Number of protein chains: 2
Amino acid sequence: MIIKIDLRSEIPIYTQLQNSIIEGIVSGDLKPAEPLPSVRAMASDLGVNMHTVNKAYNFLRQDGFIQIHRQKGVVINPEGMPEVTSEYLIKFKQEIRPIIAEALCRGMEQKDFNRFCEELFTNLQKKRG
Amino acid sequence: MIIKIDLRSEIPIYTQLQNSIIEGIVSGDLKPAEPLPSVRAMASDLGVNMHTVNKAYNFLRQDGFIQIHRQKGVVINPEGMPEVTSEYLIKFKQEIRPIIAEALCRGMEQKDFNRFCEELFTNLQKKRG
């Protein structure tokens, strides 16, 4: 799978890397138990610091998206994905709240908001079909 | 209006401040032409660096939410709010895309996603009514 990183973006690189891997899982590009490059290899591929990759991998491991083994290396969690927990829902609402606030401030209608989200739902799952 | 800042949050303080002011506008707490504290006063009130407040105010000014005058100081844009531009829509989709990706990865259903968003739409506008 191709990891896309925008070095000029305001979004931290470790966040972009996390997002890219999660999108890979959603699209079906990255399957359970599939190996990911080692921290060193990923850092070298992307031309970023090893610390950055480490940070992304650690967050993904904490949340249960990947496993990190001494021998087997880094793999997409073979036991399945984390679920919608109450802890996650708090984070989810914290993240989406300011986006909705700005949309409202700019006069976006809820039906348009829903349509844009539906497009993204479809788009992200497209390859899974 | 009360600005809520969480110093322990992973979200940068200038972003929290921006979000808080936008929420204030959406709720109707902050009305067009209403003055905001000066950079110095806001920094002192929140116990944060003036540079942090400056950064938040500058982003809000660039986007058209506030105006900054030498004499009148900082005010909520009296000429109205910025609109849903094509540039904004690109940012909007970039911001919401990883949130939807993670929700999908965790198996959230679209109807639940829509319900959570509807709650936030209602909640954010509550005081306006």
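Only a predicted model underlies this, so the values are computations on that prediction, with no experimental measurement involved.

Q: Would you explain the relation of the copies chain B and chain A in this entry?
A: The operation relating the pair of chain copies consists of a rotation about an axis and a translation along that axis. When chain B is fitted onto chain A, the two copies agree to an RMSD of 0.0 Å after a turn of 180 degrees and an axial shift of 0.0 Å. Classification of the inter-copy transformation places it as that of a two-fold axis. Looking at chain B, 100% of its interface residues are interface residues in chain A too, so the copies touch through the same face.

Q: I tried to follow the nonpolar core on my own but got confused; where do I start?
A: One broad trend across soluble globular proteins is that nonpolar side chains are buried collectively. Membership of the largest hydrophobic core comes to 78 residues, with the highest contact counts inside it found for Ile21(A), Phe92(A), Ile21(B) and Phe92(B). Every residue in contact with Ile21(A), bar those within four places of it in the chain, is listed here: Ile3(A), Leu30(A), Leu36(A), Met42(A), Tyr57(A), Leu60(A) and Ile76(A).

Q: Just checking my understanding: could you explain the packing of helix H1 (residues 13-27) of chain B against helix H3 (residues 50-63) of chain B for this structure?
A: How two helices sit against one another is set out by the angle between their axes and by the gap between those axes. All names here are of chain B. Where H1 meets H3, the axes come as close as 8 Å, and the angle between the chain directions of the two elements is 50 degrees. Judged on the interaxial angle alone, H3 and H1 are oblique. The handedness of the crossing between H1 and H3 comes out as right-handed. Residues Ile13, Tyr14, Leu17, Gln18, Ile21 and Ile22 of H1 form the contact with H3, whose own contacting residues are Thr52, Val53, Lys55, Ala56, Tyr57, Phe59 and Leu60.

Q: What exactly am I supposed to notice about H1(B) here?
A: Quick reminder: α-helices carry 3.6 residues per turn. Residues three or four places apart thus point the same way. The end-to-end C-alpha distance of H1(B) is 21 Å, a good match for the 21 Å that 15 residues give at a rise of 1.5 Å each. H1(B) sits mainly inside the fold: 12 of its 15 residues count as buried. When we look at burial in H1(B), the residues that qualify are Tyr14(B), Gln16(B), Leu17(B), Gln18(B), Ser20(B), Ile21(B), Ile22(B), Glu23(B), Gly24(B), Ile25(B), Val26(B) and Ser27(B). Against helix H4 (86-105) of chain A together with strand S1 (35-36), helix H2 (39-46), H3, strand S3 (73-76) and helix H5 (110-125) of chain B lie the buried residues of H1(B). Residue Gly28(B) follows H1(B) closely and has a positive phi angle near 95 degrees.

Q: I would appreciate a short explanation of the environment of Pro98(A) in the present structure.
A: Residues and elements named next belong to chain A. Inspection of the secondary structure assignment puts Pro98 in helix H4. Its relative accessible area of 18% is what places Pro98 among the buried residues. Through-space distance from the C-alpha of Pro98 to that of Met81 is 26 Å; in sequence the pair is 17 residues apart.

Q: Would you mind going over the pattern of salt bridges with me for this structure?
A: Tallied over the entire structure, the rule returns 20 salt bridges over all chains. Glu102(A) is the partner of Arg106(A) in a salt bridge, and the nearest nitrogen-oxygen pair spans 2.9 Å. Neither residue differs from the other here; Arg106(A) and Glu102(A) are each classed as buried. Of the charged contacts in the structure, one is a salt bridge between Arg115(B) and Glu119(B), with a shortest N-O distance of 3.8 Å. Taken together, the positions of Arg115(B) and Glu119(B), both in helix H5 and 4 residues apart, correspond to about one turn of that helix.

Q: What is the right way to look at the sheet that holds S1(B) in this model?
A: Across a sheet, strands are paired by hydrogen bonds formed along the backbone, either parallel or antiparallel in direction. Residue and element names in this part refer to chain B. Spatially, S1-S3-S2 is the arrangement adopted by the 3 strands of the open sheet, whose pairing is antiparallel. Sheet topology places S1 and strand S2 (66-69) at the edges, where each strand pairs with a single neighbour. Pairing geometry for S2 and S3, over 4 bridges, is antiparallel. Looking at S3, one finds that Ile68 is bridged to Val74. Together, S1, S2 and S3 form the strand contacts of H3, whose direction differs from that of S2 by roughly 115 degrees.

Q: How should unusual backbone geometry be read in this particular structure?
A: All names here are of chain A. Positive phi values are uncommon outside glycine, yet Ala33 reaches one of about 75 degrees. Relative to the elements of secondary structure, Ala33 occurs in the loop between helix H1 (13-27) and strand S1 (35-36). With relative accessibility at 44%, the residue Ala33 sits in the partly exposed group.

Q: What is the right way to read the environment of Ile5(B) from this model?
A: Residue and element names in this part refer to chain B. Summarising the element assignment, Ile5 is placed in the segment before H1. Owing to a relative accessible area of 21%, Ile5 belongs among the partly exposed residues under this scheme. With near-sequence residues (within four places) excluded, Ile5 lies in contact with Ile13, Gln16, Leu17 and Leu46.

Q: Please explain the confidence of the model for chain A as it appears in this structure.
A: Predicted coordinates in regions of low pLDDT should not be interpreted in detail. Per-residue confidence for chain A gives a mean pLDDT of 94, with 97% of residues at or over 70. Our summary of model confidence lists the complex with pTM equal to 0.92 and ipTM equal to 0.94.

Calculation notes
Residues numbered from 1 in each chain as written. Chains lettered and ligands numbered in written order. Predicted model: local features only at pLDDT ≥ 70, side-chain atom pairs only at ≥ 80, totals over all residues. Heavy atoms only, no water. Least-squares fit on C-alpha atoms with pLDDT ≥ 70 in both. Contact = heavy atoms within 4.5 Å. Core = buried A, V, L, I, M, F, W, Y, C linked by side-chain atoms within 4.5 Å. Buried < 20%, exposed > 50% of the residue type's maximum accessible area, 1.4 Å probe, protein only. Axes fitted to C-alpha atoms, helices over the stretch in contact; angles between N-to-C directions. Helix = DSSP H or I, 4+ residues; strand = E, 2+ residues; numbered from the N terminus. Parallel < 35°, antiparallel > 145°, perpendicular 65-115°, else oblique. Left-handed = near helix turned anticlockwise from the far one by under 90°. Expected span 1.5 Å × (residues − 1). Salt bridge = Lys/Arg side-chain N within 4 Å of Asp/Glu carboxyl O. Pairing = 2+ DSSP bridges. pLDDT = per-residue confidence, 0-100.

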